[in-house]
Every structure is written in C-alpha cells, then in structure tokens.
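# Coordinate analysis (summary)
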Protein chains: 2
Amino acid sequence: MDPLSDTLFALADPTRRAILARLAEGEATVNELAAPFDISLPGVSKHLKILERARLISRGRTAQWRPCRLETAPLQDVDGWLTDFRTLWNDHFDRLETYPGTMQANDDDTDRSKP
Amino acid sequence: MDPLSDTLFALADPTRRAILARLAEGEATVNELAAPFDISLPGVSKHLKILERARLISRGRTAQWRPCRLETAPLQDVDGWLTDFRTLWNDHFDRLETYPGTMQANDDDTDRSKP
C-alpha cells in the first residue's frame, strides 16, 4: 500500500486510535499501553506493529523496555490530504452566514415559527 | 465497526480517495467516475459501495443514472479527531520559532555554513 493508505488503515481501529491518544501525552511502554484495554499483551503488540509499520509510532532501543513514541508526520499527511475538502465545508458555512435565509427556507420540516 | 473506523477504512485506498477528489468538483455518474481508472465498472461499484457504507457519498434516485455526491460530514469527523494531535505539531513549530538556534544546533549533517 502507499504510505497514506497505510496510515489511514492503521487509524481505522478504535484501540489503535486510543493508543495514539495516550502517546500524545508522552512515551509509554507496551505494559503501560495495554493497561487500560481489555486485551492481551500479544493483542496490543499486534496493534503496535501495525502502527509502527505505518510509521505512526517509533520504538526506543533502551534494553527490553522499548518505549513507544508518537510520530506525527503521517498524521500531518492526513491533515494535508483533508485540506482540499476542508474548503468545501468552510465554503458551505460561509454561504450560510452570507445568506442565512437560505437555511430557513429549506428547513420547512423543523420550522416551528409557522402557525 | 464504529463510524470513524468505517470512514478511515474507506479512505485507506488510493482509488477511493481519487473518487472523492473527483466528487469534490461536483456530482458524477458511475461511468464518469470509472473513466479515469484502469478498473472495471464492477470494480468501481465495489469501491462506491464501501464509500456509501461509510456515508462518504450518497446516490441520487434519478432513474438508472443515480449520480454520486460527496458527503463531507465523515471527513469533518476525521478533521475533528485530528484536532488534539494538531496542537502537537503546532507546538513543535512554535518552539522552533521561539528558539531557532535549537534547530540549527541539532542539524549538523546539513550545516553548510561551517568551513
């Protein structure tokens, strides 16, 4: 897979996203990362391998602890990919602000101001 | 899967991301979407089903054409999930701006100003 697809695939799992959220607060060992989850250490290791392959984390070389560290570069690539689309919803909000009547006119179902 | 995982999984494919980029320019039929890709119509349909299941696209009801339309809400959810991480790399750049010497000091390999 291409790197961006690798990243998005790695992010497509709630446990892996929770691991990254934990690592956003600082480095952690595999045991520390496994603690909040109801999964086995091998289960966590499998998730870490997928995150490491996508370069979303790196592992320290300090003896057997090998603390995990978040690497933000692939997340910045996702952020960059979203840029073109972000203008779409920003434009949409801009139009709503410029022509607020448009929203009301298309909103008959919830218009409670009518008698 | 949870909705955000569905979205990220659907995005983890370069053809599906290219389809979304095309739809960012406006609605398109399956034939129009298939044209730039070297894959069969059934192949494109399979991608569209994955995008539709993740609510990234909706299909029109106009006879057999059923034009596809981009739906940005799931992309906004990805954007929202990135928010906490975005502060990490913004903080990093802020530090580099505040202490520009730090970058240079750690950048010996590419420092060509030395004799």
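Bear in mind that the values here come from a model prediction, so they are computed numbers and not experimental data.

Let us look at the interface of chain B and chain A. Interfaces are frequently sized by the accessible area removed from exposure as the parts join. Residue-level contacts link 27 residues of chain B with 27 residues of chain A. Contact between chain B and chain A buries roughly 2,300 Å² in total, counting both sides, with carbon and sulfur atoms accounting for 74%. Counting across the interface, chain B meets chain A through four salt bridges. Taken together, chain B and chain A are joined by six residue pairs in polar contact (both at pLDDT 80 or more). Every element with two or more residues in the side of chain B that touches chain A is listed here: α1 (3–11), α2 (14–23) and α5 (73–98) of chain B. The leading source of residues in the side of chain B that touches chain A is α5 of chain B, at eleven residues. Split by residue class, the side of chain B that touches chain A holds 19 nonpolar, three polar and five charged.

A separate point is the confidence of the model for chain A. Residues and elements named next belong to chain A. Taken as a whole, chain A shows an average pLDDT of 84; of its residues, 78% reach a score of 70 or greater. Confidence scores differ between elements of chain A, with helix α6 (residues 100–105) showing the lowest mean pLDDT of 49 and helix α1 (residues 3–11) the highest of 98. Considering only residues more than four positions removed or in separate chains, one finds that residues 102–115, a stretch of pLDDT under 50, has two contacts. What the predictor reports for the complex is a pTM of 0.79 with an ipTM of 0.79.

To continue, consider the relation of the copies chain B and chain A. When chain B is fitted onto chain A, the two copies agree to an RMSD of 0.0 Å after a turn of 180 degrees and an axial shift of 0.0 Å. The superposition of one copy onto the other is thereby described by a two-fold rotation axis. Of the residues that chain B buries at the interface, 100% are likewise interface residues in chain A, meaning the two copies contact each other through the same surface.

Conventions used here
- Residues numbered from 1 in each chain as written.
- Chains lettered and ligands numbered in written order.
- Predicted model: local features only at pLDDT ≥ 70, side-chain atom pairs only at ≥ 80, totals over all residues.
- Heavy atoms only, no water.
- Contact = heavy atoms within 4.5 Å.
- Buried area = accessible area lost by both parts, 1.4 Å probe.
- Salt bridge = Lys/Arg side-chain N within 4 Å of Asp/Glu carboxyl O.
- Polar contact = N/O pair within 3.5 Å; in protein donor to acceptor, adjacent residues only side chain to side chain.
- Helix = DSSP H or I, 4+ residues; strand = E, 2+ residues; numbered from the N terminus.
- Nonpolar A, V, L, I, M, F, W, Y, C, P; charged D, E, K, R; others polar.
- pLDDT = per-residue confidence, 0-100.
- Least-squares fit on C-alpha atoms with pLDDT ≥ 70 in both.

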